[in-house]
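Residue-level listing of the chains:
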Amino acid sequence: MNADKKVAFYTLGCKLNFSETSTIARSFVNEGFERVDFEEKADVYVINTCSVTDNADKRFKTIVKSALKQNNQAFIIGVGCYAQLKPEELAAVDGVDLVLGATEKFNVTSYINDLTKNEIGEVHSCEIEDADFYVGSYSIGDRTRAFLKVQDGCDYKCTYCTIPLARGISRSDTLENVLKNAKEISEKGIKEIVLTGVNIGDYGKGEFGNKKHEHTFLELVQALDTVEGIHRLRISSIEPNLLKDETIEFVANSNIFVPHFHIPLQSGSDTLLKRMKRRYLRKVYTDRVAKIREVMPDACIGVDVIVGFPGETDELFLETYTYLSELDISYLHVFTYSERPNTEAIDMDGVVSKNIRTKRSKMLRGLSVKKRRAFYESQLGNTLTVLFESENKEGYIHGFTENYVKVKTPWNPELVNTLHTVTLTQIDEDGLVRFDFC
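Worth saying up front: this structure is predicted, and the values here are computed from it rather than measured.

J.: I'm lost on the overall build of the protein chain in this one. Help?
T.: Along the protein chain, the regular secondary structure elements total 12 helices and 19 strands. In terms of C-alpha radius of gyration, the protein chain reaches 22 Å, essentially the compact-globule figure of 22 Å for 438 residues. Considering the protein chain as a whole, with its 438 residues, one finds that 54% of them fall into the buried category. Relative to all contacts within the protein chain whose residues are 6 or more apart in sequence, the contacts with residues 24 or more apart total 72%. Put simply, the protein chain shows about 19200 Å² of open surface, and 49% of that area lies on carbon and sulfur atoms. Measuring between centres, the 55 positive side-chain charges of the protein chain sit 4 Å from its 65 negative side-chain charges.

The structure is reproduced here in structure tokens:
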């Protein structure tokens with residue numbers, strides 16, 4: 001029925017969204033649609049939204065406009081976190097025909113009977129309490145690595161965060177299904193799998209639709225380590241209180257898991273961590289980093305940090321800055337706090353002005369550049385393995401070592417999606433690392 005119909009996708013936000021977009025895309029292909037690039041003319045455009053920052057909300061409108069430029073009669077669908085939180089707002093955007101919330105997005109093809117444009121966007125969005133079942137997904141086909149979703153939702157009540165409102169309670173895929181998906185990915189010749197979820201350290205919870213745990217995150221990691229055909233497994237973001245010594249030690253001795261951790265900190269001040277309702281204080285974070293360094297001296301450690309949270313005085317910001325500059329970490333992801341409706345933080349006193357937020361964000365980004373440079377310098381002379389990416393960027397091919405050093409060498413299509421042992425030699429003027437093949 002859809003033999004000559006084309007569909008295109010645009011993903012905003014996190015790795016989890018990328019894995020879910022891929023799963024949704026496969027359901028269209030199964031219905032006979034041809035998948036094309038977002039820049040091409042299509043009959044249907046699906047935009048997977050994010051609600052983490054203000055910016056993602058605004059970008060949705062711009063993306064809708066660019067889709068309509070390709071085809072002003074195209075059927076436009078909004079799905080994802082922002083679609084769950086503010087479905088009416090998305091539906092009101094000019095040209096949007098259909099908005100699907102957290103539980104409906106995986107059945108998107110069943111909502112399309114005909115592709116006639118609607119006067120006003122049609123909304124199908126459940127109460128978030130109903131988002132209590134698990135849909136497994138992974139992304140594939142457009143890169144040398146795949147994002148494998150193992151968990152969804154979150155039971156934490158961080159005062160700045162809308163994700164529990166957008167994605168529901170914490171729930172996990174069954175171990176059997178994760179292993180099946182990992183096997184499918186490896187059979188497609190993909191060399192690296194990145195484990196993803198909203199709160200992956202919470203894995204195991206909700207495997208039966210309740211809070212019973214059959215498996216833990218450590219057991220998931222141990223089981224994945226035995227899947228044949230996978231060359232690399234990378235753990236994406238994991239909460240410091242859920243990253244246990246046993247997991248760190250297991251990764252250190254694994255042949256497949258790579259020495260790279262991304263651990264959200266959010267603030268280096270205990271006062272602010274309490275205000276944020278994070279589930280740890282600074283000492284726990286310090287201990288995690290020390291443990292990783294003890295067993296994996298060359299590991300890459302990335303840190304999420306929020307600036308400008310209500311109550312962040314100059315003194316408290318400096319506490320974070322000093323803490324991070326003295327900590328043996330490799331790079332920062334800096335988020336400027338933005339007010340989100342229906343969160344506790346929106347009503348807190350001590351609001352930090354926008355220009356101070358921007359200034360602090362710049363300071364931490366500057367610190368991140370120094371940290372990454374120091375980390376790269378510490379790796380020069382080391383012999384590591386590089387997985388090469390598929391893009392030709394201005395005559396160069398890029399790749400990542402197991403511990404996430406980004407390297408470059410003149411473009412050679414034969415290197416795409418291959419692993420090579422190299423020795424890192426120097427840092428180029430653009431900050432990337434050159435190497436010699438071994």
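Next comes the rest of the account.
J.: So what exactly am I meant to see when it comes to helix α12 (residues 354-379) here?
T.: Because each turn of an α-helix spans 3.6 residues, side chains separated by three or four positions in sequence point in the same direction. Helix length check: α12, at 26 residues, gives a terminal C-alpha distance of 38 Å against a target of 38 Å (1.5 Å per residue), a fit within 8%. Listing the buried residues of α12 in full gives R357, R360, S361, L364, L367, S368, K371, F375, Y376 and Q379.

J.: Could you clarify how one ought to interpret the packing of aromatic side chains in this entry?
T.: Given two aromatic rings, one states the distance between the centres and the angle between the planes to describe the pair. Taken as a whole and assessed by the stated rule, the structure comprises 14 aromatic pairs. Their ring planes at 75° and their centres at 5.7 Å tell us that F9 and F28 sit as a pair that is edge-to-face. Pair noted here: F9 is in strand β1 (residues 6-11) and F28 is in helix α1 (residues 15-30), with a separation of 19 residues, a long-range link. Summarising the burial analysis for this pair, F9 and F28 share the class buried. Here F317 and Y321 contribute two aromatic rings whose centre-to-centre distance is 6.3 Å and whose plane-to-plane angle is 50°, an arrangement assigned as tilted. Here F317 pairs with Y321, and both are found in helix α11 (residues 314-326), just 4 residues apart, close to one helical turn. Look at F317 and you get buried, because its relative accessible area is 3%. Judged by its relative accessible area of 18%, Y321 is buried. Ring pairing ties together the aromatic residues F9, F28 and F33, which thus form one cluster. Here the guanidinium or amino end of K408 rests over the ring plane of Y396, the centre of that ring lying 4.2 Å away.

J.: What's the story with the sheet that holds strand β14 (residues 331-336) in this structure? I'm lost.
T.: Picture the strands of a sheet paired through backbone hydrogen bonds; they go either parallel or antiparallel. What the 3 strands build is an open sheet, ordered β12-β13-β14; its pairing is parallel. The strands lining the two open edges of the sheet, one partner per strand, are β12 (260-266) and β14. For this sheet the average axis-to-axis angle between neighbouring strands, irrespective of direction, equals 20°. Note that β12 and strand β13 (residues 300-307) share 6 bridges and pair parallel. When the sheet's bridge partners are listed, F261 is paired in β13 with I301. Contacting β12, β13 and β14, α11 crosses the sheet at an angle of about 170° to β13. Taken strand by strand, α12 contacts β13 and β14, and its axis lies near 170° from that of β14.

J.: Would you mind showing me how to read the environment of V64 here?
T.: When you line up the elements, V64 lands in helix α2 (residues 54-70). Not counting residues within four places of it along the chain, the set of residues in contact with V64 comprises I47, I76, V93, D94 and V96.

J.: So what exactly am I meant to see when it comes to the side chain of N71 here?
T.: Note that N71 resides in the loop between α2 and β4 (75-80). Within the structure, the side chain of N71 is placed 2.9 Å from the backbone oxygen of A42, a separation counted as a polar contact. A polar contact of 2.9 Å, which involves the side chain of N71, links it to the backbone nitrogen of Q73. For N71, the residues in contact, after removing those within four places along its chain, are K41, A42, D43 and Y45.

J.: Help me out: how do you make sense of the packing of α11 against α12 in this one?
T.: If you want to describe how two helices pack, look at the angle between their axes and the distance between the axes. Where α11 meets α12, the axes come as close as 11 Å, and the angle between the chain directions of the two elements is 5°. When the axes of α11 and α12 are compared, the pair comes out roughly parallel. Residue-level inspection shows D314, F317, Y321, L324, S325 and E326 of α11 in contact with α12, the latter providing R360, M363, L364, L367 and K371. Residues of the contact of α11 with α12, tallied by class, amount to 6 nonpolar, 1 polar and 4 charged.

Thresholds, definitions, all that
- Each chain carries its own residue numbering, running from 1 in the written order of its sequence.
- Note on the predicted model: pLDDT of at least 70 is required for a residue's local features to be given, and 80 or more for side-chain atom pairs to be given and counted; whole-chain, interface and lining totals, by contrast, use all residues.
- The side-chain values count all of the structure's non-hydrogen atoms but skip hydrogen atoms and water molecules.
- The helix and strand labels rest on DSSP assignments: H or I over at least four residues marks a helix, E over at least two residues marks a strand, and numbering proceeds from the N terminus.
- In this description the radius of gyration comes from C-alpha coordinates, and the expected globular size is given by 2.2 Å times residues to the power 0.38.
- For the exposure calls, accessible area comes from a 1.4 Å probe over protein chains only, and a residue counts as buried if that area is under 20% of its type's maximum, exposed if over 50%, partly exposed in between.
- For this analysis, residues touch if any pair of their heavy atoms sits within 4.5 Å.
- Each accessible area is a Shrake-Rupley estimate made with a 1.4 Å probe; only the visible protein chains count as cover when residues are assessed.
- Asp and Glu count as negative and Lys and Arg as positive, but His and the ends of the chain are not part of the count.
- Charged groups are reduced to one reference atom each: NZ for lysine, CZ for arginine, CG for aspartic acid, CD for glutamic acid.
- To estimate how far a helix should reach, multiply one less than its number of residues by 1.5 Å.
- For Phe, Tyr and Trp, rings pair up if their centres lie within 6.5 Å, where Trp contributes its six-membered ring, and each pair is then called stacked (planes under 30 degrees apart), edge-to-face (over 60) or tilted (otherwise).
- Here, over-ring charges are defined by two tests on the NZ atom of lysine or the CZ atom of arginine: distance to the ring centre within 6 Å, and angle to the ring normal within 35 degrees.
- One bridge is not enough; two strands pair if DSSP finds at least two bridges between them.
- As a rule, the C-alpha atoms of each element are fitted with a line to give its axis, helices using only the stretch in contact, and angles between N-to-C directions run from 0 to 180 degrees.
- Polar contact criterion, stated in full: a pair of N or O atoms within 3.5 Å, where within protein one must be able to donate a hydrogen and the other to accept it, and residues adjacent in sequence count only if both atoms are side-chain atoms.
- Angle categories: roughly parallel below 35 degrees, roughly antiparallel above 145, roughly perpendicular from 65 to 115, and oblique for all the rest.
- All residues other than Ala, Val, Leu, Ile, Met, Phe, Trp, Tyr, Cys, Pro, Asp, Glu, Lys and Arg, Gly among them, are scored as polar; the first ten of these are nonpolar and the last four charged.

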